[in-house]
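# Per-entry structural report
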Amino acid sequence: MDTVFKALSDETRRTMLDLLHQKDGQTLSELDQAIARHGTDMTRFGIMKHLKVLEAAGLVISRKQGRFKYHHLNAIPLQEVVERWVDPLIQSPMAQAAIALKVKLEKETAMQTQKKPDFVMQTYIKTSKERLWEALMDGELSAQYHFLGASVKTAGEKGSRYDQYRPDGSLMLGGEILDCVPMERLELTFEPHWGEKPGAVSRYVYEIEQQGNACSLTILHYDLVEDLEGVSDGWARHASSLKSFLETGSGLTFAA
């Protein structure tokens, strides 16, 4: 966590995070113009140096698409800081919500599309690809780490359903598996069933890569048209609890 605290200790880097929070997926030129409008005098080389520090801390992840490189926020390191240092001291869900930034990052992907994701989230989990895939696909395991206790029911094949049910048996999230490469990639529709009526259908992707004795899990969400903050907060809790479950055997609990 030292790299996260180091990255956040600089006012300019905090400003850059604020700018990315306001508008996700900015190029270097866009950040240069935004920083100039903010009243900060800095060269493009200086901006690049600060971006490298933020990327090293995992707070910003860049994704090249065509001729441009886009920079996005990654909320996972901030979530881990909050859970380890802030929540035990203040025990305030309102403070956690205030600290959390919207989750947006991009990463190279095999997806055949030119559309940018609305946000991308990435975390590293000390586990194997097999164990991570099992946790995503096994309903009983899902219920042990999902922050709402939701369990999964799926045939795990392309074209089949992938549905999450609350402990009371009601449907929370539905979806169709659009693409399935075991232990590597899972693409699904996102059909929320909470609130007074079902939400708009969007699309999300899990990508898994082995990184030494750990796995990177990237979550990309496309076509969101509403409730971005609520959905992104749910993803942050989902990913953090999954990481805790696979590394410690116990998922996380969150204040209501």
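The rules we used
- Residues numbered from 1 in each chain as written.
- Predicted model: local features only at pLDDT ≥ 70, side-chain atom pairs only at ≥ 80, totals over all residues.
- Heavy atoms only, no water.
- Helix = DSSP H or I, 4+ residues; strand = E, 2+ residues; numbered from the N terminus.
- Buried < 20%, exposed > 50% of the residue type's maximum accessible area, 1.4 Å probe, protein only.
- Polar contact = N/O pair within 3.5 Å; in protein donor to acceptor, adjacent residues only side chain to side chain.
- Contact = heavy atoms within 4.5 Å.
- Pairing = 2+ DSSP bridges.
- Arc of directions from axis to C-beta.
- Phe/Tyr/Trp six-rings, centres within 6.5 Å; stacked < 30°, edge-to-face > 60°.
- Core = buried A, V, L, I, M, F, W, Y, C linked by side-chain atoms within 4.5 Å.
- Expected span 1.5 Å × (residues − 1).
- 1 Å grid on protein atoms, 1.4 Å probe; cavity = no way out; pocket = protein on both sides within 12 Å on 5 of 7 lines; lining within 4 Å.
- Points joined across faces, edges and corners; volume = space filled by probe spheres on them.
- Nonpolar A, V, L, I, M, F, W, Y, C, P; charged D, E, K, R; others polar.

### With respect to the side chain of His221
Structurally, His221 can be placed in strand E10 (residues 214–222). We classify His221 as buried; its relative accessible area is 0%. For His221, the side chain forms a polar contact with the side chain of Ser202, separated by 2.8 Å. Contact partners of His221, with chain neighbours within four places excluded, come to Pro117, Asp118, Phe119, Phe190, Ser202, Arg203, Tyr204, Val231 and Trp235.

### Considerations on the pairing of strand E1 (residues 60–65)
By the bridge criterion, 6 bridges tie E1 to strand E2 (residues 68–73) in an arrangement that is antiparallel. Within E2, the position partnered with Arg63 by the bridge is Tyr70.

### Points about helix H3 (residues 28–37)
Looking at H3, one finds that the buried residues are Leu28, Leu31, Ala34 and Ile35. Viewed along the axis of H3, the buried residues span an arc of 125°, placing them on a single side of the element. Structural note: H3 exposes Ala36 and Arg37 on the side pointing more than 90 degrees away from its buried face. Structurally, H3 contributes buried residues whose contacts are with helix H2 (11–22), helix H4 (44–56) and E2.

### Topic: the side chain of Arg185
Here Arg185 is to be found in strand E8 (residues 185–192). Among the polar contacts made by the side chain of Arg185, one reaches the side chain of Glu187 at a distance of 3.2 Å.

### Observations regarding the packing of aromatic side chains
Applying the stated rule across the entire model yields 8 aromatic pairs. Between Phe68 and Tyr70 the ring centres are 6.4 Å apart and the planes differ by 50°, which places this aromatic pair in the tilted class. Since its relative accessible area comes to 38%, Phe68 is described here as partly exposed. A relative accessible area of 16% means that Tyr70 is categorised as buried. Between the aromatic rings of Tyr204 and Trp235, the centroid separation amounts to 5.1 Å while the plane-to-plane angle is 55°, which identifies the pairing as tilted. Linking Tyr204 in strand E9 (residues 202–211) with Trp235 in helix H9 (residues 228–248), this pair joins segments that are 31 residues apart in sequence. Three or more aromatic residues joined by ring pairs form one cluster here, namely Phe190, Trp194, Tyr204, Tyr206 and Trp235.

### A short note on the nonpolar core
Core analysis: the biggest nonpolar cluster contains 35 residues, and Leu132, Tyr162, Leu186, Tyr206, Trp235 and Leu242 have the highest contact counts within it. Per element, the largest residue contribution to this core is 7 residues, and it comes from H9. Ranked by size, the runner-up nonpolar core spans 20 residues in total, among them Ala34, Met42, Ile47 and Ala57.

### Quick notes on H2
Spanning 12 residues, H2 covers 17 Å between terminal C-alpha atoms, matching the ideal 16 Å at 1.5 Å per step. In this structure, the buried side of H2 is in contact with helix H1 (2–8), H3, H4, E1 and E2.

### Brief notes about unusual backbone geometry
As a rule of thumb, non-glycine residues mostly have phi less than zero, and peptide bonds are mostly trans rather than cis. Here Met183, not a glycine, exhibits a phi torsion of approximately 70°, which is positive. Within the element layout of this structure, Met183 appears in the loop between strand E7 (177–181) and E8. On the basis of relative accessible area, Met183 is assigned to the partly exposed category, the value being 28%. Of note in the backbone geometry, Asp223 takes a positive phi value of approximately 65° without being a glycine.

### Comments concerning the layout of surface pockets
To find leftover empty space, a probe the size of one water molecule is rolled over the atoms. Size it by volume and the largest pocket reaches roughly 370 Å³. Contributing to the lining of the largest pocket are 18 residues, with Phe147, Trp194, Gly230, Val231 and Gly234 lying nearest its centre. Mapped by element, the contributors of at least two residues to the lining of the largest pocket are strand E6 (171–174) and H9. Of the residues contributing to the lining of the largest pocket, the split by class is 9 nonpolar, 5 polar and 4 charged.

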